[in-house]
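Listed below are the residues making up each chain.
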Amino acid sequence: MESLNIRPGYLTAHQTARTLGITLDGVRKLVQRGQLQRAGGSPRQPWYALADVQALDAQRRSARAA
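The paragraphs below set out a description of the structure included in this document. Because the structure is a prediction, the values reported are computed rather than measured. Note on numbering: residues in each chain are counted from 1, in written sequence order. Reporting in this predicted model follows two pLDDT cut-offs: at least 70 for local features of residues, and 80 or more for side-chain atom pairs to be given and counted; totals over whole chains, interfaces and linings ignore these cut-offs and use all residues. Heavy atoms from the whole structure form the basis of all side-chain values; hydrogens and water molecules are not counted.

## Regarding the nonpolar core
Here is a general trend for soluble globular proteins: nonpolar side chains tend to be buried in one another's company. The line we're drawing: Only buried residues count toward a nonpolar core, which is a set of Ala, Val, Leu, Ile, Met, Phe, Trp, Tyr and Cys residues joined through side-chain atoms within 4.5 Å. For each residue, the accessible area found with a 1.4 Å probe, counting protein chains only, is set against the maximum for its type, and the residue is called buried under 20%, exposed over 50%, and partly exposed in between. What counts as a helix is a DSSP run of H or I of at least four residues, what counts as a strand is a run of E of at least two, and both are numbered from the N terminus. Here, two residues are considered to be in contact whenever any of their heavy atoms come within 4.5 Å of each other.
With 10 residues, the main nonpolar core is built from L11, A13, A17, L20, V27, L30, L36, Y48, V53 and L56. The set of elements that each furnish at least two residues to this core consists of α1 (13–20), α2 (24–32) and α3 (50–65). Of all the elements, α1 adds the most residues to this core, at three residues. Not counting residues up to four positions away in its chain, the partners in contact with A17 are I22, T23, L24 and V27.

## Digging into the packing of α1 against α2
Selection rule: Interaxial angles span 0 to 180 degrees and are taken between N-to-C directions of axes, which are lines fitted to C-alpha atoms, for helices over the stretch in contact. Angle categories are assigned with fixed cut-offs, so that under 35 degrees is roughly parallel, over 145 is roughly antiparallel, 65 to 115 is roughly perpendicular, and the rest are oblique. Residue polarity is assigned by list, with Asp, Glu, Lys and Arg as charged and Ala, Val, Leu, Ile, Met, Phe, Trp, Tyr, Cys and Pro as nonpolar; anything else, Gly included, falls into the polar class.
Where α1 meets α2, the axes come as close as 9 Å, and the angle between the chain directions of the two elements is 95 degrees. Considering their axes alone, α1 and α2 lie roughly perpendicular with respect to each other. Facing A13, H14, T16, A17 and L20 of α1, the residues of α2 in contact are L24, V27 and L30. Here the contact of α1 with α2 is composed, by residue class, of six nonpolar, two polar and no charged.

## Here's the deal with the side chain of T16
Among the structural elements, T16 can be located in helix α1. Apart from residues no more than four positions distant in its own chain, T16 is found in contact with L11, V27, L36, Y48 and V53.

## Comments concerning the sheet that holds strand β2 (residues 40–41)
As a reminder of what qualifies: Two strands make a pair as long as DSSP finds a minimum of two bridges between them.
Spatial ordering of the open sheet is given by β1-β3-β2, a layout of three strands whose pairing is antiparallel. Edge positions in the sheet fall to β1 (10–12) and β2, since each of these pairs with one other strand and no more. Across the face of the sheet, α1 comes into contact with β1 and β3 (46–49) while running at roughly 95 degrees to β1.

Put into structure tokens, the structure is as follows:
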């Protein structure tokens, strides 16, 4: 279930997973590897900064294109 009270400029874990084209487990692994940091929320419903997610998405796309 997605949080309805998320601040502008942030994404839920579900939204982050959809943006990156990965699963929720994939989002957790990115956090564990230090490639993405939580920007708020709670341990069960973390938020991620939209700018961070977009930057990571661009990085992943350019790595695939190379």
